[in-house]
Amino acid sequence: MSLIPSFFGGRRNNMFDLWDPFQDFPFIGGALSVPGETASFANTRIDWKETPEAHVFKADLPGVKKEEVKVEVEEGRILQISGDRSVEKEEKNDKWHRVERSSGQFMRRFRLPENVKVEEVKAAMENGVLTVTVPKAEVNKPDVKAIDISG
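Identification of the chain as SHSP domain-containing protein from Vitis vinifera is taken from an unreviewed UniProt entry. Under the UniProt heading Sequence similarities (unreviewed entry), the entry covering the chain gives this text: "Belongs to the small heat shock protein (HSP20) family." The UniProt entry for the chain carries this comment under Subcellular location (unreviewed entry): "Cytoplasm".

This is the structure:
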């Protein structure tokens, strides 16, 4: 017996089963829930912070190898982070109950400000977190000359 009866034909085996209103739908939150299919995960979360020395981008990419990620600077000031998360192989005897982890290609682009050194961009990946550091160029402060006031 279930807490909520199934109106869509599924049977619940015990009283602790919860009703999933999206169980029979092929799309869940924009990602396919069908095994073997791929879905873009354009929603790759990226933080961008500015420090006095640099702009720092951090992207959560769990399960993605550094060889599967590309960091590029296009057209002078467009930072592009892209890659591909491969689909897990499906074995003949596997029975999937839920597929929520997304797979497929991703790409994010950011227009960098003018005060950056694009030739010194560095990227590192550790524990599934990509960190891209874009150093800032020194801002030339105008020379200020004090003028004596006569009188």
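(A) Structural view of the nonpolar core. Ranked by internal contacts, the top residues of the largest apolar core, which has 15 residues, are Phe57, Leu61, Leu79, Ile81, Leu130 and Val132. For this core, the elements supplying multiple residues, two or more each, are strand S4 (54-60), strand S6 (78-85), strand S7 (104-111) and strand S9 (129-135). Element by element, the count of residues in this core is highest for S9, at three residues. Among all residues touching Leu61, those that are not within four sequence positions of it are Thr44, Val69, Arg85, Phe106, Met125, Gly128 and Leu130.

(B) Structural view of the pairing of S4. Most of S4 sits out of view: five of its seven residues are buried. When strand S3 (residues 46-50) meets S4, the two strands line up antiparallel, connected through five bridges. Bridging from a neighbouring strand, Glu50 pairs with His55 of S4. Counted between consecutive antiparallel strands, the loop separating S3 from S4 contains three residues. Pairing of S4 with S9 involves seven bridges; the strand directions are antiparallel. Residue pairing for S9: Asp60 is matched across the bridge by Val129.

(C) Highlighting the packing of aromatic side chains. Applying the stated criterion across every chain yields a total of three aromatic pairs. Aromatic side chains Trp48 and Phe110 sit 5.8 Å apart centroid to centroid with 75° between the ring planes, which places their arrangement in the edge-to-face category. Remark: Phe110 occurs in strand S7 and Trp48 occurs in strand S3; sequence separation between them is 62 residues. Relative to Phe110, the ring of Phe57 has its centre 5.1 Å away and its plane inclined at 45°; by these criteria the two rings are tilted. Note that Phe57 is positioned in strand S4 and Phe110 in strand S7, a separation of 53 residues in sequence. Three or more aromatic residues link up through ring pairs in this structure, and these residues are Trp48, Phe57 and Phe110.

Parameters at a glance
Every residue gets a number counted from 1 within its own chain, in the order that chain's sequence is written. The predicted nature of this model means local features are confined to residues of pLDDT at least 70 and side-chain atom pairs, given and counted, to a pLDDT of 80 or more, with totals for whole chains, interfaces and linings taken over all residues. Note that water and hydrogens are dropped before the side-chain values are worked out from all heavy atoms of the structure. UniProt positions are given in the numbering used here, feature names are shortened, and annotations may be inferred rather than shown by experiment. Here, the term nonpolar core denotes a set of buried Ala, Val, Leu, Ile, Met, Phe, Trp, Tyr and Cys residues that are joined through side-chain atoms within 4.5 Å. Burial classes follow relative accessibility: with a 1.4 Å probe on protein chains only, a residue under 20% of its type's maximum area counts as buried, one over 50% as exposed, and anything between as partly exposed. Secondary structure elements follow DSSP: runs of H or I of four or more residues count as helices, runs of E of two or more count as strands, with numbering from the N terminus. Residues are treated as being in contact if the distance between any of their heavy atoms lies within 4.5 Å. Strands qualify as paired when DSSP identifies two bridges or more between them. Two rings from Phe, Tyr or Trp (for Trp, the six-membered ring) form a pair when their centres are within 6.5 Å of each other. A pair whose planes differ by under 30 degrees is stacked, one over 60 is edge-to-face, and the rest are tilted.

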